[in-house]
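For reference, the chains in residue letters:
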Amino acid sequence: MKNTIKSNKTQISTKFISKNIEEIKNHRKIAAYLQLAAKNHLKAAIHFQEGNLKKAAQSTKVAHANFNLANKAQSKFMNYHTIAD
């Protein structure tokens, strides 16, 4: 009986750890996209300030694309949580 209880605890613990690793990876992925978006928005602001509208527009497009990737990853992540809960 004791061995069965230990075995069940080990299985639950292993499952919990692997789930946490996936969640950590997802949070980091989303954060990386958001950091890139912020970086490119700051570049766009500098380009606008310098009067270089073409470069500002390009940086804005890259920022928007990274934000969309973060949003997509977050939506997928939230759908998983909704189903899992």
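Anyway, here's the lowdown on the structure attached to this text.

Observations regarding the overall build of the protein chain
Then, in step 1: Regarding its fold elements, the protein chain presents two helices and zero strands.
Then, in step 2: A burial count over the protein chain gives 16% of its 85 residues as buried.
Then, in step 3: Surface exposure of the protein chain reaches about 7200 Å², of which carbon and sulfur atoms provide 60%.

Remarks on the environment of H47
Then, in step 1: Within the secondary structure, H47 sits in helix α1 (residues 2-50).
Then, in step 2: For the pair formed by H47 and A57, sequence separation is ten residues and the distance between their alpha carbons is 8.7 Å.
Then, in step 3: Discounting chain neighbours no more than four positions away, the residues touching H47 are N52, K55, A56 and S59.

Re the environment of E23
Then, in step 1: Within the secondary structure, E23 is located in helix α1.
Then, in step 2: Taking the relative accessible area as the measure of exposure, E23 reaches 17% and is therefore buried.
Then, in step 3: As a C-alpha pair, E23 and F77 span 54 residues in sequence and 8.3 Å in three-dimensional space.

Notes on the side chain of N66
Then, in step 1: With respect to the secondary-structure elements, N66 resides in helix α2 (residues 53-84).
Then, in step 2: According to the relative accessible area criterion, N66 is buried, its value standing at 10%.
Then, in step 3: Excluding its chain neighbours within four sequence positions, the residues that come into contact with N66 are Y33, L36, A37 and N40.

A word on the side chain of S59
Then, in step 1: Along the chain, S59 turns up in helix α2.
Then, in step 2: Given a relative accessible area of 7%, S59 falls into the buried group.
Then, in step 3: Apart from the residues within four sequence positions on either side, S59 is in contact with N40, K43, A44 and H47.

Calculation criteria
- Here, residues in each chain are numbered from 1, in the same order as that chain's written sequence.
- Whole-chain, interface and lining totals are the exception, using all residues; otherwise, since this is a predicted model, local features are given only for residues with pLDDT of at least 70 and side-chain atom pairs are given and counted only at 80 or more.
- Values shown for side chains rest on all heavy atoms present in the structure; no hydrogens or waters enter the calculation.
- Numbering of helices and strands runs from the N terminus, with a helix taken as a DSSP run of H or I at least four residues long and a strand as a DSSP run of E at least two residues long.
- A simple rule labels every residue: compare its accessible area, found with a 1.4 Å probe on the protein chains alone, to the largest value its type can have, and call it buried under 20%, exposed over 50%, or partly exposed in between.
- Here, Shrake-Rupley sampling with a 1.4 Å probe gives the accessible areas, and only protein chains in the shown set may cover a residue.
- Throughout, a contact is declared for two residues whenever any of their heavy atoms are within 4.5 Å.

This is a description of form; function is not addressed.
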